[in-house]
Amino acid sequence: MEDFNANAFGSDYISPDSYTPKKKNFFWRPGGLWTDFFIVAAILSLMLIFVGSPLADLLTKKLFPAAKWLTTITGDEDISTFMLSYFGFFGIWIIFMIVISFFRSNRPIWKAFLYNGHGNNIKAIFIGILIGFGMNGICILISWIMGDISLSFNEFNPKLFFMFLFCVLIQSGGEEIVTRCYLYQKLRRRYRWPIIAIVVNALFFTALHINNDGVTKLGLIQILEAGILFSLFIYFYDSLWTAIWAHTAWNFTQSIVFGLPNSGIVSKYSVFRLDAASARNGIFYNVGFGVEGSLGSCIILGIAILAVLIINLIKRRGERKDHWEEMDEYTVRNPLHIWLPIVISLALGVAAYMIYPAAKSKSNDLKQKFEALPKELTTGETAENTTEKDNSTAESARPSDESAANADKAKDKTNSSATKTTNKTDSNADKTTNKAESNADKSTNKTDANA
């Protein structure tokens, strides 16, 4: 075993010389903290998202007008807004790096995050892209062959293509560092059984997508399988990078390349365009949730999981790297009782169970009261404001009335002038007619006299 420095894990840990060795626990690891208990670790992982998302909004909307800047580059406000929905996950990256840097006990997680040569390397990037594109591409290809979807070429814009690739990497990578890096490593530090880290973070990953638009039961099963598959990349290969790029390639292929719904959301830009009117549910496609909500995608991911397990079983390969193995020789100074995290977790659960219904009921009551208010109050107008508004309208209408009166006078004057002109014309015409008749009569009389 390589030289180990307990100070690297913070002041909570002391060397074996400072305590009396105890028999190893079958379930718990001595280096685990109470914050690594699965419920507490899941809550802390969720906090990375809850804090990171508002941080990204603050930076991109308040401090820096990212939407306006992206619109000048893309030339389309809708595309820029959709792109920001992916890029907004960069706040999670920032909070993650702060948490694992500030708390010394979390600093070994850097080893699972950064380049390590055997798992996180350039080769892992290409393997991840191949896996993500291959699995999603197979589902789309079969759906197209079966006639469940109809695709047509839209456009290939290199600028938008690679900008979206970067933004999808930020989004998919943000989910991976929360689940397959932070949560997974905390669970591995607490529990001896790797299966706990694999299953719990996959369940957590599924819960993050439970409120997605158009989500189905098959969609949740597929997301659970994806969480297990990506966790196996960590377990067998210590390759977070493979998980990140496989996740990125899956989302990018489905949403940006082929324009299909990605977790229920359709991109504003894609290389190919889906004819949504002709799309239908099939074995490998779901109209509301894309290929992720289909039985076929569950089968494909199930085959991928079995393939990884069989390959590593044949090679008799176990966990590639346990970053907390060295801590088994150390213990925690003044450790809290093992039941304390359970009590705290249960207390948090009971509090949430009691507070949520009350808060929801209060919200519904306020909504009903608001709907029961008079219309002028719900629109923000009082009787006084309405009166002032009417008076203002009347005053503003007075100049219009005066203008209308002046217009009527001008019209009457014009009509009068036209009438006079018509009468004068008629009078002149009558005089001319009478004169012509008189001359005709004189001519007639003269002719008679001559005769």
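Everything below is about the structure printed above this text.
So, a few notes on the structure that sits alongside this text.

Rules used throughout
Residues numbered from 1 in each chain as written. Predicted model: local features only at pLDDT ≥ 70, side-chain atom pairs only at ≥ 80, totals over all residues. Heavy atoms only, no water. Helix = DSSP H or I, 4+ residues; strand = E, 2+ residues; numbered from the N terminus. Buried < 20%, exposed > 50% of the residue type's maximum accessible area, 1.4 Å probe, protein only. Contact = heavy atoms within 4.5 Å. Areas by Shrake-Rupley, 256 points an atom, 1.4 Å probe, with all protein chains shown as cover. Core = buried A, V, L, I, M, F, W, Y, C linked by side-chain atoms within 4.5 Å. Axes fitted to C-alpha atoms, helices over the stretch in contact; angles between N-to-C directions. Left-handed = near helix turned anticlockwise from the far one by under 90°. Nonpolar A, V, L, I, M, F, W, Y, C, P; charged D, E, K, R; others polar. Phe/Tyr/Trp six-rings, centres within 6.5 Å; stacked < 30°, edge-to-face > 60°. Lys NZ or Arg CZ within 6 Å of the ring centre and 35° of its normal. Salt bridge = Lys/Arg side-chain N within 4 Å of Asp/Glu carboxyl O. Parallel < 35°, antiparallel > 145°, perpendicular 65-115°, else oblique. Expected span 1.5 Å × (residues − 1). Patch = residues over 30% accessible without salt bridge, like charges linked within 9 Å, V, L, I, M, F, W, Y side chains within 5 Å. Lys, Arg positive; Asp, Glu negative; His and termini not counted. Charge placed at Lys NZ, Arg CZ, Asp CG, Glu CD.

Here we look at the overall build of the protein
When you go through the protein residue by residue, the secondary structure sums to 14 helices and four strands. Counting every position in the protein, which comprises 451 residues, the buried fraction comes to 39%. At a minimum sequence separation of 6, the contacts of the protein that also span at least 24 residues come to 78%. As displayed, the protein offers around 25,900 Å² of accessible surface, 63% of which is attributable to carbon and sulfur atoms.

Side note on the nonpolar core
One finds M83, F96, F164, I177, L229, L260 and Y269 to be the most contacted residues of the largest nonpolar core, which totals 86 residues. Element by element, the count of residues in this core is highest for helix 7 (residues 158–190), at 15 residues. For F164, the contacting residues outside a window of four places in its chain are I79, F82, M83, Y86, F252, I256, S267 and Y269.

Side note on the packing of helix 4 (residues 90–102) against helix 7
Packed helices, taken two at a time, are described by the angle between their axes plus the distance between the axes. Helix 7 packs onto helix 4 with a crossing angle of 35° between their chain directions and a minimal axis gap of 8 Å. The handedness of the crossing between helix 4 and helix 7 comes out as left-handed. On helix 7, the residues touching F90, I92, W93, F96, V99 and I100 of helix 4 are L169, I170, G173, G174, I177, V178, C181 and Y182. Looking at side-chain class alone, the contact of helix 4 with helix 7 contains twelve nonpolar, two polar and no charged residues.

Some points on the packing of aromatic side chains
Each aromatic ring pair is described using two quantities: the centre-to-centre distance and the angle formed by the ring planes. On inspection of all chains with the given rule, the structure shows 24 aromatic pairs. When the ring of F164 is compared with that of Y269, the centres are 6.0 Å apart and the planes differ by 15°; the resulting orientation is stacked. Of this pair, F164 sits in helix 7 while Y269 sits in the loop between helix 10 (240–257) and strand 3 (272–274), and the two are 105 residues apart along the sequence. The rings of F27, W28, Y191 and W193 are connected pair by pair, giving a single aromatic cluster. The ring of F205 is capped by R180, whose NZ or CZ atom sits 4.4 Å from the centre of that ring. In this structure, R189 packs its charged tip against the face of W324, placed 4.7 Å from the ring centre.

Here's the deal with the pattern of salt bridges
Inspection of the entire model under this criterion finds seven salt bridges. One salt bridge connects D322 with R188, and the closest N-O pair in it is separated by 3.4 Å. Of this pair, D322 sits in the loop between helix 11 (295–314) and strand 4 (331–332) while R188 sits in helix 7, and the two are 134 residues apart along the sequence. Judged by its relative accessible area of 13%, D322 is buried.

A few points about the packing of helix 9 (residues 217–237) against helix 11
Relative orientation of the contacting elements helix 9 and helix 11 amounts to 20°, with a least axis distance of 9 Å. Comparing their axes, helix 11 and helix 9 come out roughly parallel. Between helix 9 and helix 11 the crossing geometry is left-handed. The segment helix 9 lies against helix 11, with L218, I221, Q222, E225, A226, I228, L229, L232, F233, F236 and Y237 engaging L295, S297, C298, L301, G302, A304, I305, V308, L309 and N312. Residue composition of the contact of helix 9 with helix 11, by class: 16 nonpolar, four polar and one charged.

So, helix 8 (residues 194–208)
Helix length check: helix 8, at 15 residues, gives a terminal C-alpha distance of 22 Å against a target of 21 Å (1.5 Å per residue), a fit within 8%. The inward-facing, buried residues of helix 8 abut helix 1 (38–63), helix 7, helix 9 and helix 10.

Describing the environment of I265
Inspection of the secondary structure assignment puts I265 in the loop between helix 10 and strand 3. The partly exposed category is assigned to I265, whose relative accessible area is 42%. Between the alpha carbons of I265 and G290 there is a distance of 8.9 Å; along the sequence they are 25 residues apart. Leaving out residues up to four positions away in the same chain, I265 has contacts with F82 and L260.

Points about the environment of W69
Note that W69 resides in helix 2 (residues 66–74). For the pair W69 and S80, spaced eleven residues apart in sequence, the C-alpha separation works out to 8.8 Å.

A few points about a nonpolar patch on the surface
Taken together, M146, L218, I221, I283, L295, I299 and I303 make up a surface patch of nonpolar side chains, about 590 Å² in accessible area. Among the secondary structure elements, those contributing two or more residues to the nonpolar patch are helix 9 and helix 11. No other element matches helix 11, which puts three residues into the nonpolar patch. Structurally, I283 can be placed in the loop between strand 3 and helix 11.

As for the side chain of N201
Mapped onto the elements of the fold, N201 is located in helix 8. Residues in contact with N201, not counting those within four places in the same chain, are T179, R180, L183, Y184, L187, I196, G227 and S231.

Overview of a positive patch on the surface
A cluster of basic residues, K111, K123, K315, R317, R320 and K321, forms a positive patch on the protein surface. Relative to the helices and strands, K321 is located in the loop between helix 11 and strand 4. Looking at K321, the relative accessible area reads 33%, which means it is partly exposed.

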